[in-house]
Amino acid sequence: MGIAIVLIVIVAASLLFHFVSPWWLTPIASNWGQMDDMLTLTLVITGGFFVVLNLFLVYTLLRYRHRDGHRAAYQPDNRKLERRLIVATTFGIVALLAPGLFVYAEYVRPPSDAMVIEVLGQQWQWRYRFPGENGKLGFVDPRFVTGANPFGLDPADAAGEDDILVTPSEVHLPLGRSVKVLLRSHDVLHDFYVPPFRARMNIVPGMVTSFWFTPTKTGRYEVLCAQLCGVGHYNMRGYVVVEEPAAFESWLKAQPTFAASMRPAPASSAGGAETLVARGQALAQSRGCVACHSVDGSAGVGPTWKGLFGKTETLADGSTARVDEAFLKGEIREPQTRLVKGFPPVMPKLDLSDEDVAALVDYIRSKAQ
Ligand code: CUA
């Protein structure tokens, strides 16, 4: 009797939670209303089974409870009952899976006039590439990847010269235009996910995956990584800004092309210290340092940069070291050689120029107080 009451309470509480809980989907901002329909269908089927099975259990607990003089009957099989159960579960599973397959088939078949954008995932940051004026993405290959050329564009391919590269973690898209998204990974499995678009896709190393969507509402939406990809996974975030086509065009024009990004940066002249710090800050963003190192003193995967410069750190082997320029340069160049006590040995070795390292060190120094 006790168990029967508990089951009824669980069913009632679940239904109540479903109907009154404030945790529900964010308003949709793309054409994929069908994703919500699929979710509703799944919820109705699994929820219906949940309620029916639990109430059936309550019924049997009461109907067949122990009574004096009652003996259980032995019934090794019941073909009629089995046939009914097989039909019911088959119907339920087909209803769960089949409609989703139709939606998925549409999800990976973009309209022919869709604009193309590439998403590049890397522990733990996002980068984006748009085709330039020629409307074509240039050839890429892992052997061309360097610190200055994170996309691995082939310098010899003329089609790639006008490709537009977006390395800060915010990308813009025009309202109402279909977008075909191509996805690549530099290292491990990631998953590009923008909840209000109801759109996501795994990014598999060595493959180019794709899907499409049409943004239907202007706004600034958070991008999440939806595959556990290492200690910085939770912080692999970014933003998609959906705006009117004219605003998008002027934003796109302001982004550097591949050819421009490969030109050596102009030597910093007047106000050099200031620009070096600014460059270090931009690098910390674009190279993903900020995924693990905070600048406000909050805890992260790696030591916070606030007050780091000039501090004496205890190393994993028990020795101590003062955090100065040489120490920081060594840590950035060879992250695994000297480990700071209390932090996992997960810092990746980045391909950075000497000027980049100097800029990062200056930026960290600027956070000393
Ligand atoms: Cu990338 Cu999780």
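Reading guide: rules and limits
- Counting restarts for each chain: residues are numbered from 1 in the order of the written sequence.
- Side-chain atom pairs in this predicted model are given and counted only at pLDDT of 80 or more, local residue features only at pLDDT of at least 70, and totals for whole chains, interfaces and linings cover all residues.
- Side-chain measures were taken over the full set of non-hydrogen atoms in the model, leaving aside hydrogen atoms and water.
- Strands are runs of DSSP state E lasting at least 2 residues, helices are runs of H or I lasting at least 4, and numbering of each runs from the N terminus.
- All radius of gyration figures rest on C-alpha atoms, and the globule criterion is 2.2 Å times the number of residues raised to 0.38.
- To sort residues, take the accessible area from a 1.4 Å probe on protein chains only and compare it with the maximum for the residue type: under 20% means buried, over 50% means exposed, and anything in between is partly exposed.
- Classification of ring pairs rests on two measures: the distance between centres of Phe, Tyr or Trp rings, Trp counted by its six-membered ring, which must be within 6.5 Å, and the angle between planes, read as stacked under 30 degrees, edge-to-face over 60 and tilted in between.
- Remark: a charge is flagged as sitting over a ring if the NZ atom of Lys or the CZ atom of Arg is within 6 Å of the ring centre and within 35 degrees of the ring normal.
- Any Lys or Arg side-chain nitrogen found within 4 Å of a carboxyl oxygen on Asp or Glu counts as a salt bridge.
- Here, a strand pair is defined by DSSP locating no fewer than two bridges between the strands.
- The axes are straight lines fitted to the C-alpha atoms, using for helices just the contacting stretch, and the angles between their N-to-C directions are given from 0 to 180°.
- Take the buried Ala, Val, Leu, Ile, Met, Phe, Trp, Tyr and Cys residues and link them wherever side-chain atoms come within 4.5 Å; each set so joined is a nonpolar core.
- Residue contacts are defined here by distance: any two heavy atoms, one from each residue, within 4.5 Å place the two residues in contact.
- An arc is given here, and it is the one of the directions from the helix axis to the C-beta atoms.
- Put simply, angles under 35 degrees are roughly parallel, angles over 145 are roughly antiparallel, angles from 65 to 115 are roughly perpendicular, and the rest are oblique.
- Here is the rule for handedness: rotate from the far helix to the near one, and if that takes an anticlockwise turn smaller than a right angle the crossing is left-handed, while a clockwise turn gives right-handed.
- Each residue gets one of three labels, nonpolar for Ala, Val, Leu, Ile, Met, Phe, Trp, Tyr, Cys and Pro, charged for Asp, Glu, Lys and Arg, and polar for the others, Gly among them.
- For the purposes of these results, a polar contact is taken to be a pair of N or O atoms within 3.5 Å, where, inside protein, one atom must be able to donate a hydrogen and its partner to accept one; residues adjacent in sequence count only when each atom of the pair is a side-chain atom.
- Delimitation of the domains relies on an automatic or database domain assignment.
- When two parts are brought into contact, each loses some accessible area as probed by a 1.4 Å sphere; the total of that loss over both is the buried area.
- Within this analysis, patches are made of residues with over 30% relative accessible area and no salt bridge. Like charges are joined at 9 Å or less; nonpolar side chains (Val, Leu, Ile, Met, Phe, Trp, Tyr) at 5 Å or less.
- The Shrake-Rupley method, run with a 1.4 Å probe, gives the accessible areas here. Residue values count only the displayed protein chains as cover.

Another aspect to go through is the overall build of the protein. Secondary structure summary: the protein contains eight helices and 12 strands in total. Relative to a compact globule of 369 residues, whose C-alpha radius of gyration would be 21 Å, the protein shows 28 Å and is clearly more extended. Judged by the C-alpha coordinates and their principal axes, the protein covers about 95 × 60 × 35 Å. Relative to its full complement of 369 residues, the protein shows a buried share of 37%.

Here we come to the packing of aromatic side chains. Counted according to the given criterion, the structure contains 14 aromatic pairs. Relative to Phe192, the ring of Trp126 lies with its centre 5.3 Å away and its plane at 85 degrees, an arrangement referred to as edge-to-face. Highlighted residues: Trp126 in strand β2 (residues 125–130) and Phe192 in strand β6 (residues 190–194), separated in sequence by 66 residues. When sorted by exposure, Trp126 lands in the same class as Phe192, which is buried. Put simply, the rings of Trp32, Tyr104, Tyr107, Phe197, Phe211, Trp212, Phe213 and Tyr221 touch in pairs and so form one group of aromatic residues. For the cation-ring pair, Arg200 lies above Tyr193, with the distance from its terminal atom to the ring centre recorded as 4.6 Å. The lysine or arginine in question, Arg220, covers the ring of Tyr239, its NZ or CZ lying 3.8 Å from the ring centre.

Time to look at the pattern of salt bridges. According to the stated counting rule, one finds 14 salt bridges in the structure shown. Salt-bridge contacts for Glu222 lead to Arg237; the nearest nitrogen and oxygen are separated by 2.8 Å. Here Glu222 is found in strand β9 (residues 219–225), whereas its partner Arg237 is found in the loop between β9 and β10 (238–243), with 15 residues between them in sequence. Where salt bridges share partners, they join Glu118, Arg129, Asp163 and Arg184 into one cluster.

Take the sheet that holds strand β1 (residues 115–122) next. Read across the sheet, five strands follow the order β3-β2-β1-β5-β8 without closing on themselves; strand pairing throughout is mixed. Edge positions in the sheet fall to β3 (164–166) and β8 (209–213), since each of these pairs with one other strand and no more. With direction set aside, neighbouring strand axes in the sheet form an average angle of 25 degrees. Two strands pair when backbone bridges link them, and β1 and β2 are joined in this way by five bridges, in the antiparallel orientation. Each residue of the ladder has a partner; that of Glu118, found in β2, is Arg129.

Next up on the list: the nonpolar core. If you look at the biggest cluster of nonpolar residues, it comprises 40 residues, and the most contacted ones within it are Trp126, Tyr128, Phe130, Phe192, Phe197 and Phe211. Beyond its immediate chain neighbours, meaning those up to four positions away, Phe211 contacts Tyr107, Val179, Lys180, Val181, Leu183, Phe192, Ala199, Arg200 and Met201. Core analysis: the second largest hydrophobic core is formed by 22 residues, Cys289, Ile332, Leu352 and Ala368 among them.

Turning next to helix α4 (residues 245–253). Residues lying three or four places apart along an α-helix face the same way, a consequence of the helix completing one turn every 3.6 residues. Listed as buried for α4 are Phe248, Trp251 and Leu252. Along the axis of α4, the buried positions cluster into a sector of 100 degrees, meaning they face one direction only. Opposite the buried face of α4, by more than 90 degrees, sit the exposed residues Ala246 and Lys253.

Our focus in this paragraph is the packing of helix α7 (residues 325–333) against helix α8 (residues 354–366). Closest axis-to-axis distance for the α7/α8 pair is 10 Å, and the angle between their directions is 125 degrees. Judged on the interaxial angle alone, α8 and α7 are oblique. Along this stretch, α7 crosses α8, giving a crossing that reads as right-handed. Residues Glu325, Leu328, Lys329, Ile332 and Arg333 of α7 form the contact with α8, whose participating residues are Asp354, Val357, Ala358, Leu360, Val361, Ile364 and Arg365. Taken together, the residues of the contact of α7 with α8 break down into seven nonpolar, no polar and five charged.

Before going further, it helps to examine the side chain of Ser294. Relative to the elements of secondary structure, Ser294 occurs in the loop between α6 (272–286) and β11 (312–314). Within the local environment of Ser294, its side chain forms a polar contact with the side chain of Asp296, the two groups lying 3.4 Å apart. Beyond its immediate sequence surroundings of up to four residues, Ser294 is in contact with Thr304, Trp305 and Lys306.

Before going further, it helps to spend a moment on the domain arrangement of the protein. Domains assigned within the protein are domain 1 (2–67 + 75–107), domain 2 (115–261) and domain 3 (273–366). Look at where the C-alpha atoms of domain 2 and domain 3 centre, and you get two points 27 Å apart. Across the boundary between the two partners, domain 2 contributes 10 residues, which contact 11 residues of domain 3. Considering only the side of domain 2, the residues that lose the most area to domain 3 are Trp124, Gly147 and Val231, jointly responsible for 43% of the buried surface there.

Where helix α1 (residues 2–20) meets helix α2 (residues 33–63), the closest approach of the two axes is 9 Å, and the angle between their N-to-C directions is 160 degrees. Judged by the angle between their axes, α1 and α2 are roughly antiparallel. Classified by chirality, the crossing of α2 by α1 is left-handed. Across the interface between the two elements, Ile3, Ala4, Leu7, Ile8, Ile10, Val11, Ser14, Leu15 and His18 from α1 touch Leu43, Phe50, Val51, Asn54, Leu57, Val58, Leu61 and Leu62 from α2. Classifying every residue of the contact of α1 with α2 by side-chain character gives 14 nonpolar, three polar and no charged.

There is a patch of nonpolar side chains on the surface, built from Met1, Ile3, Ile5, Val9, Leu57, Leu61 and Leu62 and spanning about 670 Å² of accessible area. The set of elements that each furnish at least two residues to the nonpolar patch consists of α1 and α2. By the secondary structure assignment, Val9 is in helix α1.

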